[in-house]
Amino acid sequence: MIFTVGGIKGGTGKTTLSTNLTVWLSRQGADVLLVDADEQESASDFTAWREETLKDNIGYTLVQLHGATLRRQVEQMRPKYDHIVIDTGGRDTASQRAALFISDIYLLPFAPRSYEIWTLSKVQALLSEIQGSRATPLQLYSFLNKADTRGPDNSEAIEVLSDNEELNYVDFPIINRKAFATAASKGLSVFEMTPADEKAINEVEALFRHITGIKK
Ligand SMILES: Nc1ncnc2c1ncn2[C@@H]1O[C@H](COP(=O)(O)OP(=O)(O)OP(=O)(O)O)[C@@H](O)[C@H]1O
Ligand SMILES: [Mg+2]
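Residues numbered from 1 in each chain as written. Chains lettered and ligands numbered in written order. Predicted model: local features only at pLDDT ≥ 70, side-chain atom pairs only at ≥ 80, totals over all residues. Heavy atoms only, no water.

The name an unreviewed UniProt entry assigns to the protein is AAA family ATPase, from the organism Larkinella terrae.

See the structure below:
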């Protein structure tokens, strides 16, 4: 399957989720390609830190691809991998469009702050353009990342997201947890950290199992 983690807003957790998904899939025994489609190259930085931490086998292959080249190259590499995960930048770039034309699944993290939700109309415009030009509909999932443990911000965001049926909001929130940043600074997923943050692990794993259909 080809997964794209995207959205229009910066800092919602696209790189965090794409790198954690890549490592999680590889830990399930899959051969995974991680595509860094963001000019900021954060997924590549993550991978460089990972190489430093783990030295030998990092568990996946990384490539940097942008724009029209991305579409062509990913289509060519598709048969060689079990899964391809594409990390896009926080803007509506040609790369995100290219990724969405060839993806099976689109992951849309939203941080539950009202300003995040303002980008919804832009996401919807992008979606309807993509859906209109695909042979089969793009499967997407929106969810909260960096959510509060409790509080009104979560429920306001959930309400807005669930009001938009095409965004397919799923109730697998990922709470704002330090473990994500601590792990990323070493090029690790939360699954590989000691001491383990079981809550962080359970939250992302529940989301990943839901979107991939991979059972325990
Ligand atoms: N669930 C979370 N809990 C705590 N911190 C998080 C969580 N998800 C992401 N972060 C942190 O938030 C920051 C932004 O995350 P990340 O880089 O993944 O976002 P992004 O959407 O890829 O940003 P950009 O748009 O710049 O590419 C990072 O410091 C990351 O460690
Ligand atoms: Mg990023």
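**Structural notes on the packing of aromatic side chains**
Enumeration according to the criterion identifies 1 aromatic pair in this entry. Both rings, one in tryptophan 24 and one in phenylalanine 208, keep their centres 5.6 Å apart while their planes meet at 50°; by these two values the pair is tilted. Remark: phenylalanine 208 occurs in helix α9 (residues 198–212) and tryptophan 24 occurs in helix α1 (residues 14–27); sequence separation between them is 184 residues. (Phe/Tyr/Trp six-rings, centres within 6.5 Å; stacked < 30°, edge-to-face > 60°. Helix = DSSP H or I, 4+ residues; strand = E, 2+ residues; numbered from the N terminus.)

**Here we look at the site of ligand 1**
As a structural note, the neighbourhood of ligand 1 is formed by 18 residues, with Lys14, Thr15, Thr16, Asn145 and Arg177 the closest of them. A distance of 2.5 Å separates an oxygen atom of ligand 1 from a polar atom in the side chain of threonine 16. Between ligand 1 and asparagine 145, the relevant distance is 2.9 Å, taken from a nitrogen atom to a side-chain nitrogen or oxygen of the residue. A total of 630 Å² of accessible area belongs to ligand 1 in isolation, and the protein chains cover 78% of it. Of all the cavities here, the one that holds ligand 1 is the largest pocket. Secondary structure elements with two or more residues in the shell around ligand 1: α1 and α8 (178–184). Here the shell around ligand 1 gets 3 residues from one element, more than from any other, and that element is α1. Classifying every residue of the shell around ligand 1 gives 4 nonpolar, 10 polar and 4 charged. (Near = heavy atom within 4 Å. Polar contact = N/O pair within 3.5 Å; in protein donor to acceptor, adjacent residues only side chain to side chain. Areas by Shrake-Rupley, 256 points an atom, 1.4 Å probe, with all protein chains shown as cover. 1 Å grid on protein atoms, 1.4 Å probe; cavity = no way out; pocket = protein on both sides within 12 Å on 5 of 7 lines; lining within 4 Å. Sits in = over half its atoms within 2 Å of the grid points. Nonpolar A, V, L, I, M, F, W, Y, C, P; charged D, E, K, R; others polar.)

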